[in-house]
Amino acid sequence: MSLVGNDNHAVSNVHEPLQHPRLHLIRRQSVHFTSSDSLVSSVSSNEGVGWSRSNDALLPDGEIQISIPSDKGESREREEWSSPLEFLFSCISMSVGLGNVWRFPFIAYENGGGAFLIPYLIVFTFIGRPLYFMELALGQFSSYGMVKVWKVLPAFKGVGYGFAFGTWSIVTYYCSIMATTTFYFVQSFFPVLPWSFCDPTWSNDLCVDSSGSTSNISTLNAQSSSEQYFNNYVLNRYDNIENGIGLPDWRLAICLLFSWVVLFLTLFKGVKISGKVSYFTALFPYVVLITLLVRGLTLSGSSTGILYFITPQWEKLLEPKVWYNAVVQVFFSMGIGTGTMQMFSSFNNFKHNIYRDAWIINLMDTFTSLLAGCTIFAILGYLAHELDTDIESVVRSGPGLAFVSYPDVIAKFSVAPQVFAAIFFLMLFTLGLGSASAMTGSVITVVCDQFPKFKKFYVALVTCIIGYLLGLVYITPGGQWILELVDYFGGGFLIFMLALIETIAINWIYGMRNLVRDIDFMLDRKLGIYWKFCWVFFIPVSLTSILLYSLIGMPLPTVQGVSFPYIAYVCGWMLPFIALSCIPIGFIHAVYCSTASTLFERVKETFKSKPSWGPMNETYHKAWLLCKH
């Protein structure tokens with residue numbers, strides 16, 4: 001038997017069955033077809049064989065019989081987005097999140113200002129974008145989430161569960177941030193913003209009214225009322241957690257409940273609802289950011305703030321920490337390694353142009369980071385001007401930026417400060433909702449893929465209830481300590497490790513050639529050397545270096561310079577241990593489920609794709625099998 005597929009026309013004289021575990025094909029005629037990558041769009045027969053069209057794919061009538069194995073209890077149908085725009089906006093909503101608005105400006109400033117854009121764009125180009133596209137491609141090709149997609153290599157299905165564990169760790173504290181944002185949003189409707197002045201019930205002698213315009217906080221060694229309001233009234237924060245973390249605050253517990261109810265209403269019907277919500281969660285933040293930027297540019301000192309943000313500090317480029325932070329920012333911002341990209345793309349039509357969408361999403365992500373940086377530093381420039389101090393004195397990261405620095409600025413507005421406060425915190429809630437719904441949805445998809453008979457309504461309900469109960473930990477007086485711990489151990493180091501294993505497994509064991517072939521078949525697009533170089537060499541080498549640096553050179557997390565108790569660090573290291581232990585457990589389970597006769601054959605079989613691996617749509621699956629042979 002001769003069977004050849006290349007860029008030239010190929011002829012196959014088939015007079016015997018093709019020997020392949022997934023393909024049982026008998027033809028007693030000579031079939032003439034074009035190159036494998038265009039099989040679904042151009043097929044001809046030299047003996048007048050009839051061809052039928054189904055779902056835009058051409059297949060031969062009658063004489064070719066292909067059996068497509070499927071796992072027990074699995075359906076070959078999957079819901080799809082109502083519109084391609086819903087997929088695009090959902091990805092933008094996930095990627096353009098809190099990481100862009102409250103993390104990127106500070107990280108850029110701390111790591112070289114304008115010079116940070118060089119390592120950021122290099123990491124974005126050679127690590128972020130290729131990984132992002134690979135995860136989108138795997139999800140769309142298989143129509144599965146982050147666990148079931150490992151039918152491609154059953155030995156590594158534990159990687160999917162590790163991703164799910166890491167994603168779940170992140171989403172639990174994400175919703176606590178949404179709860180705090182909800183609390184501030186409600187407080188914004190008071191006639192006088194409650195953080196704009198020092199209230200004796202929660203302030204001390206060091207407190208200075210944020211609404212004042214001439215107080216030099218850095219000289220007085222004092223604290224603004226917005227800072228004391230956040231720490232003493234909203235969080236009731238502990239200075240250490242040696243004696244425990246305390247009990248949840250009832251006000252924040254209600255706000256947390258509201259956040260999870262909104263998440264549930266977004267997710268309980270799958271992409272039918274979440275896709276519609278994405279129009280708002282993707283577009284509204286741009287309206288607010290542009291509005292705040294325009295307002296910021298009218299304030300005194302704004303230009304100084306923006307210049308401070310973009311002025312390069314070239315000497316920083318020689319520090320390994322800067323490159324490490326660039327990778328962290330790219331992963332955090334784009335949602336790489338959380339399974340959300342596989343989940344979103346798994347609901348696409350098989351032929352959807354994710355190559356184009358990936359370009360759009362990646363560009364929007366970078367644009368949003370720069371827009372947020374200019375907006376935030378314009379506001380901080382005004383704050384520094386009002387306080388007659390340096391930018392360094394008012395720059396904060398994360399919660400400090402969202403709940404201290406920005407409320408400080410709003411308190412000084414003479415015109416409609418409540419309006420600006422309300423739209424700012426509504427924007428933060430929207431950003432959190434877009435990311436949290438994506439991450440929670442990916443966890444729900446894992447359960448629904450594994451147990452197809454479970455109704456999504458009940459899976460979403462149980463998931464949100466568990467998420468709410470776990471989230472209560474973060475709204476205790478010691479909750480910010482737990483947040484820092486989980487963010488460090490569950491969201492950074494762990495994601496890097498799993499992303500490295502994912503890249504090596506797909507490109508070195510399944511094979512880069514097979515991955516490129518599958519993408520060619522799906523998108524009718526040949527990928528160039530750039531993708532192959534990044535997937536096979538650059539990403540594995542660079543992520544390995546970053547992991548070694550994080551293990552050897554990175555200090556353990558602290559809160560305002562105070563170290564955690566020893567037992568807290570032990571608990572923190574348990575997070576990556578649990579997630580990474582899923583890999584050997586998954587491997588053992590795959591070996592156990594193998595149908596091969598000997599142990600060696602069972603192990604060997606787990607490093608091969610399952611017979612049911614491939615496009616979920618039967619028409620495309622048959623065409624793919626023909627394409628392979």
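Residues numbered from 1 in each chain as written. Predicted model: local features only at pLDDT ≥ 70, side-chain atom pairs only at ≥ 80, totals over all residues. Heavy atoms only, no water.

The condition that has to hold: UniProt positions are given in the numbering used here, feature names are shortened, and annotations may be inferred rather than shown by experiment.
The name given to the chain in an unreviewed UniProt entry is Transporter, with Meganyctiphanes norvegica as the source organism. On record in UniProt, under Subcellular location (unreviewed entry), the comment for the chain is "Membrane". Under the UniProt heading Function (unreviewed entry), the note attached to the chain is "Unusual broad substrate spectrum amino acid:sodium cotransporter that promotes absorption of the D isomers of essential amino acids. Neutral amino acids are the preferred substrates, especially methionine and phenylalanine."

Description of the state of the cysteines
Put simply, the rule reads: What counts as a disulfide here is a pair of cysteine sulfur atoms lying within 2.5 Å. Burial status follows relative accessibility: with a 1.4 Å probe on protein chains alone, a residue under 20% of its type maximum counts as buried, one over 50% as exposed, and anything between as partly exposed.
Under the definition given, this model contains one disulfide. Here Cys-198 is linked by a disulfide to Cys-207, with a sulfur-sulfur distance of 2.0 Å. Where Cys-198 bonds to Cys-207 through sulfur, the torsion about that S-S bond is close to -90°, and the disulfide is left-handed. Residue Cys-198 is classed as partly exposed on the basis of its relative accessible area, which comes to 21%. Considering cysteine sulfurs only, Cys-175 is the nearest to Cys-464, which forms no disulfide, with 8.0 Å between them.

Observations concerning the UniProt feature "binding site: Na(+)" (unreviewed entry) in the chain
Test applied: The secondary structure listing takes helices from DSSP runs of H or I that are at least 4 residues long and strands from runs of E that are at least 2 residues long, numbered from the N terminus.
As annotated by UniProt and renumbered to match this structure, "binding site: Na(+)" (unreviewed entry) occupies Val-96, Asn-100, Ser-333, Leu-431 and Ser-435. Taking the farthest pair of C-alpha atoms as the criterion, the annotated set spanning 340 residues converges on one region, since that pair is 11.5 Å apart. Positionally, Asn-100 belongs in helix H2 (residues 98–110). For Asn-100, a relative accessible area of 0% gives the class buried.

As for the side chain of Ser-224
The test is simple: Under the rule applied, a polar contact is a pair of N or O atoms within 3.5 Å (in protein, one hydrogen donor and one hydrogen acceptor; residues adjacent in sequence only if both atoms are side-chain atoms).
Its place among the elements puts Ser-224 in strand E6 (residues 223–224). There is a polar contact of 3.2 Å between the side chain of Ser-224 and the side chain of Asp-408.

Thoughts on the packing of helix H18 (residues 566–593) against helix H19 (residues 599–606)
Filter applied, for reference: To obtain each axis, a line is fitted to C-alpha atoms, and for helices this fit is confined to the stretch in contact; angles are then taken between N-to-C directions over 0 to 180 degrees. Roughly parallel means an angle under 35 degrees; roughly antiparallel, over 145; roughly perpendicular, 65 to 115; everything else is oblique. Note on convention: the crossing is left-handed when the near helix lies turned anticlockwise from the far helix by less than a right angle, right-handed when the turn is clockwise. Residue contacts are defined here by distance: any two heavy atoms, one from each residue, within 4.5 Å place the two residues in contact. Here the nonpolar group is Ala, Val, Leu, Ile, Met, Phe, Trp, Tyr, Cys and Pro; Asp, Glu, Lys and Arg are the charged ones; every other residue, Gly included, is treated as polar.
Running from N to C, H18 and H19 point in directions that differ by 120°, and their axes come no closer than 8 Å. Relative to H19, H18 is oriented oblique. Judged by the sense of rotation from one axis to the other, the crossing of H18 with H19 is right-handed. Across the interface between the two elements, Phe-587, Ala-590, Val-591 and Tyr-592 of H18 pack against Leu-599, Arg-602, Val-603 and Thr-606 of H19. Here the residues of the contact of H18 with H19 sort into six nonpolar, one polar and one charged.

Some words on the packing of aromatic side chains
The following threshold applies: Aromatic pairs are defined between Phe, Tyr and Trp rings, using the six-membered ring for Trp, whenever the two ring centres lie within 6.5 Å; interplanar angles under 30 degrees are classed as stacked, those over 60 as edge-to-face, and all others as tilted.
According to the stated counting rule, one finds 64 aromatic pairs in the structure shown. When the centroid spacing of 6.4 Å and the interplanar angle of 5° are considered together, the rings of Phe-133 and Trp-535 count as stacked. Of the two residues, Phe-133 is situated in helix H3 (residues 117–142) and Trp-535 in helix H17 (residues 529–552); the sequence distance between them amounts to 402 residues. Where Phe-424 meets Phe-425, the ring centres are 5.2 Å apart and the plane angle is 75°; that geometry is what we call edge-to-face.

Points about the nonpolar core
If you look at soluble globular proteins, the nonpolar side chains tend to sit buried side by side. Operational definition: What we call a nonpolar core is a set of buried Ala, Val, Leu, Ile, Met, Phe, Trp, Tyr and Cys residues that are connected through their side-chain atoms within 4.5 Å.
Phe-133, Phe-331 and Trp-535 are the most contacted members of the largest nonpolar core, which totals 189 residues. When residues in this core are grouped by element, the largest group, 24 residues, is from helix H16 (residues 479–523).

Re a nonpolar patch on the surface
To keep things clear, this is the line we draw: Note on patches: the residues involved have over 30% relative accessible area and no salt bridge, like charges join within 9 Å, and the nonpolar side chains Val, Leu, Ile, Met, Phe, Trp and Tyr join within 5 Å. Here, Shrake-Rupley sampling with a 1.4 Å probe gives the accessible areas, and only protein chains in the shown set may cover a residue. Whenever a carboxyl oxygen of Asp or Glu lies within 4 Å of a side-chain nitrogen of Lys or Arg, that contact is scored as a salt bridge.
Taken together, the side chains of Tyr-566, Ile-567, Val-570, Met-574, Phe-577 and Ile-578 make up a nonpolar region of the molecular surface, amounting to roughly 630 Å² of accessible area. Locating Met-574 in the fold gives a position in helix H18.

Comments concerning the pattern of salt bridges
Counted according to the given criterion, the structure contains seven salt bridges. We note a salt bridge from Lys-456 to Glu-79, for which the minimum N-O separation is 3.1 Å. With Lys-456 in helix H15 (residues 456–471) and Glu-79 in the loop between strand E4 (57–60) and helix H1 (84–95), this pair connects stretches of sequence that are 377 residues apart. The salt bridge involving Arg-251 is made with Asp-249; its shortest N-O contact spans 3.0 Å. A relative accessible area of 18% places Asp-249 in the buried class.

Digging into the packing of helix H12 (residues 354–387) against helix H13 (residues 399–411)
Interhelical geometry of H12 versus H13 gives an angle of 55° and a closest axis separation of 9 Å. Taken together, the axes of H12 and H13 are oblique relative to one another. Of the two possible hands of crossing, H12 and H13 adopt the one that is left-handed. Contacts between H12 and H13 involve Ile-376, Ile-379, Leu-380, Tyr-382 and Leu-383 from the former and Leu-401, Ser-405, Tyr-406, Asp-408 and Val-409 from the latter. The class makeup of the residues in the contact of H12 with H13 is eight nonpolar, one polar and one charged.

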